[in-house]
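Single-letter residue listing:
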Amino acid sequence: MLSIILKSEINERNISVREASRQINIAHTTLIRIIEGEVVDLKTIKKVSEWLGINVSDVLKSDTSNEKGIGETLAMFLDRNPKLREAFIGSISKLQTGEIKENVIEDILAYIAFRLSINNV
């Protein structure tokens, strides 16, 4: 999960991996390993997390193989993106009040999955 957020942040800041690694104060090869999903030490995860503005504990708990991990991963993404958080909270509120039905959310998520598969993202 860290690799996804890291790639997104590097793209958002429009900087190179070398520049990001300089800002984080780690070797660029280490940053490349993180981006590729390889395991790194806790000290490095802490540096990267601080640079990203996320809690180390959230990174370590972001295991999407179980429901709790999925929720924590989603929370981490929502914390980093206020517009996405606002849209998500608005959608949940409308779902709770009956303004929209569950199948609308399912259709939207299915479309997202479809787009991701087409773009090979």
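Higher on the page you've got the structure.
The paragraphs below set out a description of the structure included in this document. (Residues numbered from 1 in each chain as written. Predicted model: local features only at pLDDT ≥ 70, side-chain atom pairs only at ≥ 80, totals over all residues. Heavy atoms only, no water.)

### As for the nonpolar core
Worth spelling out the cut-off: Among buried residues, those of type Ala, Val, Leu, Ile, Met, Phe, Trp, Tyr and Cys that are joined through side-chain atoms within 4.5 Å constitute a nonpolar core. Type-normalised accessible area, obtained with a 1.4 Å probe on protein chains alone, sets the label of each residue: buried when under 20%, exposed when over 50%, and partly exposed for intermediate values. Numbering of helices and strands starts at the N terminus; helices are DSSP runs of H or I of at least 4 residues and strands are runs of E of at least 2. Note on contacts: a residue pair qualifies if any of its non-hydrogen atoms lie within 4.5 Å across the two residues.
Grouped together as the largest cluster of nonpolar side chains are 18 residues, with contacts concentrated most on Leu-2, Leu-6, Leu-31, Val-48 and Leu-52. Sorting the residues of this core by element identifies helix H1 (2-13), helix H2 (17-24), helix H3 (28-35) and helix H4 (42-52) as the ones contributing at least two each. Sequence-distant contacts of Leu-2, defined by excluding residues within four places in its chain, comprise Ile-34, Ile-45, Val-48, Leu-52, Ile-54 and Val-59.

### Considerations on the pattern of salt bridges
Test applied: In what follows, salt bridge is the name for a side-chain nitrogen of Lys or Arg lying within 4 Å of a carboxyl oxygen of Asp or Glu.
For the structure on display, the rule yields four salt bridges. Between Lys-46 and Glu-50 there is a salt bridge, and its shortest N-O distance comes to 3.8 Å. Taken together, the positions of Lys-46 and Glu-50, both in helix H4 and four residues apart, correspond to about one turn of that helix. Note on Lys-46: relative accessible area 45%, which makes it partly exposed. Glu-50 sits in the exposed class, given a relative accessible area of 53%.

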